[in-house]
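# Coordinate analysis (summary)
In case you want the letters, here they are:
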Amino acid sequence: MHMNRWFVVLACLLIPLVQARSAFADKAAELFTEGSKAAEERNWGTCRAKLLEAWATREHWRIAANLGACELNLGMYRDAAEHISRGLRVLPADVGADTRAELTALLGEASTKIVTLTIKTDPPDAEVLLDGRSLGRGPFEHPIPIEARTYAIEIRAAGREPFKGTIEGRAGQREAVDRRLDPLQAPAPPAVQTPAPVAPPPPTVPIGRVAPDAQGPSIVPVAIGCATAAVALGVSVGLSIAAGDMADDARVAAQRLGPSACGARRSPAACEALEDARRASDSLTSGAVASFLAGGALMLGTIGFAVLDRRHAGGGPAVRAAPTAGMSGGGVTVAGSW
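Residues numbered from 1 in each chain as written. Predicted model: local features only at pLDDT ≥ 70, side-chain atom pairs only at ≥ 80, totals over all residues. Heavy atoms only, no water.

### Some thoughts on the pairing of strand β1 (residues 115-122)
Bridge analysis of β1 against strand β4 (residues 144-146) gives three bridges, and the strand direction is antiparallel. Counted as the bridge partner of L117 is I144 from β4. Two elements, β1 and strand β7 (residues 174-180), share seven bridges in a ladder whose sense is parallel. Pairing of T116 across the sheet is with R174, part of β7. (Pairing = 2+ DSSP bridges. Helix = DSSP H or I, 4+ residues; strand = E, 2+ residues; numbered from the N terminus.)

Now the structure itself:
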């Protein structure tokens, strides 16, 4: 029933080939004529293909109207509504009321199978997407035909919070979207961080005063003093042994001469040798004692020097001690400054 009616409407909108050539460019007129012949033969697929090509060449209301009629016969209701509404918008003012009424009836028939969507946004140039496919940017001045089903809608614009929602599209209904996008919220200022408490510095440990030229206790004088004291003590031991040997030899010689031999002058040479041995023994004993005293003095002086020099390295008075030794004795020379 509906197919026959749409075919009758389509036949009323067809024009002769000569008039078509006067209204369109040659290519568009040729395609329009081929599409019209396909419609007369009810070959709706060829009709749509030819008229789509003609519409791409020139957007004329007659092409749009006949293309929509072909799409109605093919059950392509959304495409039919889109093309017929486009034809109505470019319909010249001198077209008769009957033709306008026929096109309006075709659009109403297609609208019963689809959803007519009107969109209003703030800001007006917001972008609208259905199921991720962009419908473009507003403002949307005319209703948009969509298939009758559920859609995910997204509206977005620069500097605004995006909106996301759904549309429950039912056939024959009109859906209106009127949405204001809120401005983007300014980012929160960074939190003020309270500085961590600073631990007080550790107490200052006083450092002992050090003389500018202090380089610590000197080990060279200490080593020399100890070595010299050791040599002196060794010499004392050696002299003591030699003196003991001389004394033993003198005693043996005296025993051989007898107690009165030297008094009677019976052996002057032997007595003179005996006297020399005794004098040598005494000299060695004196030297041993002197070396021992010198070594002891050197050892004590070295110890004292080390103690005083350590005090000077720590900031005390500057003291210098030098051990001295000789055959007849020993000591320590001390010099200092305060």
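### A look at the sheet that holds strand β2 (residues 127-130)
Hydrogen bonds along the backbone pair up the strands of a sheet, which may run parallel or antiparallel. Taken in spatial order, the four strands make up an open sheet running β3-β2-β5-β6, and their pairing is antiparallel. Since the sheet does not close on itself, it has two edges, and those belong to β3 (133-137) and β6 (163-168), each with one partner. Going across the sheet, the axis of each strand differs from the next one's by a mean of 25°, ignoring polarity. Relative to strand β5 (residues 150-156), β2 runs antiparallel, the two being bridged by four bridges. Counterpart to L130 in the pairing with β5 is I153. (Axes fitted to C-alpha atoms, helices over the stretch in contact; angles between N-to-C directions.)

### Regarding the packing of aromatic side chains
What describes a pair of aromatic rings is the distance from one ring centre to the other and the angle between the planes of the rings. Counted by the stated rule, this structure contains zero aromatic pairs. The ring of Y77 carries K113 above its face, with NZ or CZ at 6.0 Å from the centroid. (Phe/Tyr/Trp six-rings, centres within 6.5 Å; stacked < 30°, edge-to-face > 60°. Lys NZ or Arg CZ within 6 Å of the ring centre and 35° of its normal.)

### Overview of the layout of surface pockets
Size it by volume and the largest pocket reaches roughly 400 Å³. Every residue lining the largest pocket is counted, 18 residues in all, and those nearest its centre are R78, E82, L135, I144 and P145. Contributions of two or more residues to the lining of the largest pocket are made by α6 (77-89), β3 and β4. Counting residues per element, the lining of the largest pocket draws most heavily on α6, which supplies five residues. For the lining of the largest pocket, a count of residues per class yields eight nonpolar, two polar and eight charged. As for the second largest pocket, its lining consists of 15 residues, of which S85, L107, S111, T116 and P143 are closest to the centre. Secondary structure elements with two or more residues in the lining of the second largest pocket: α6, α7 (97-111) and β4. Sort the elements by how many residues they give to the lining of the second largest pocket and α6 lands first, with four residues. Considering only residue class, the lining of the second largest pocket consists of seven nonpolar, six polar and two charged. (1 Å grid on protein atoms, 1.4 Å probe; cavity = no way out; pocket = protein on both sides within 12 Å on 5 of 7 lines; lining within 4 Å. Points joined across faces, edges and corners; volume = space filled by probe spheres on them. Nonpolar A, V, L, I, M, F, W, Y, C, P; charged D, E, K, R; others polar.)

### Some thoughts on helix α3 (residues 26-40)
Between its terminal C-alpha atoms α3 stretches 21 Å, which fits the 21 Å expected from 15 residues at 1.5 Å a residue. Among the residues of α3, those classed as buried are A28, A29, L31, F32, T33, G35, S36, A38 and A39. R42 lies just past α3 and shows a positive phi near 60°. (Expected span 1.5 Å × (residues − 1). Buried < 20%, exposed > 50% of the residue type's maximum accessible area, 1.4 Å probe, protein only.)

### Side note on the nonpolar core
In this structure, I153 and I155 are the most contacted members of the largest nonpolar core, which totals 17 residues. Broken down by secondary-structure element, the contributors of at least two residues to this core are β1, β2, β4, β5 and β6. For I155, the residues in contact, after removing those within four places along its chain, are T121, A126, E127, V128, P162, F163, V177, R179 and L181. (Core = buried A, V, L, I, M, F, W, Y, C linked by side-chain atoms within 4.5 Å. Contact = heavy atoms within 4.5 Å.)

### Focus: the sheet that holds β1
Reading across the sheet, the three strands line up as β4-β1-β7 and stay open at both edges, with mixed pairing between neighbours. Each edge of the open sheet carries a strand with a single partner, namely β4 and β7. Strand-to-strand, the axes of this sheet are offset by a mean angle of 30°, without reference to chain direction.

### Digging into the pattern of salt bridges
Where charged atoms of side chains with opposite charge meet at close range, the side chains can pair. Counting across every chain of the model gives twelve salt bridges. Put simply, E59 and R86 hold a salt bridge, and the shortest N to O gap is 2.8 Å. Taken together, the residues span a long stretch of sequence, with E59 in the loop between α4 (44-57) and α5 (61-73) and R86 in helix α6 at a distance of 27 residues. By relative accessible area, which is 26% here, R86 ends up partly exposed. When salt bridges with common partners are traced through the structure, they connect R48, E71, R78, D79 and E82 into a single cluster. (Salt bridge = Lys/Arg side-chain N within 4 Å of Asp/Glu carboxyl O.)

### Quick notes on the environment of L106
Within the fold, L106 resides in helix α7. Residue classification places L106 among the buried positions, given a relative accessible area of 2%. Each C-alpha atom of the pair L106 and L72 lies 8.4 Å from the other, and the pair is 34 residues apart in sequence.

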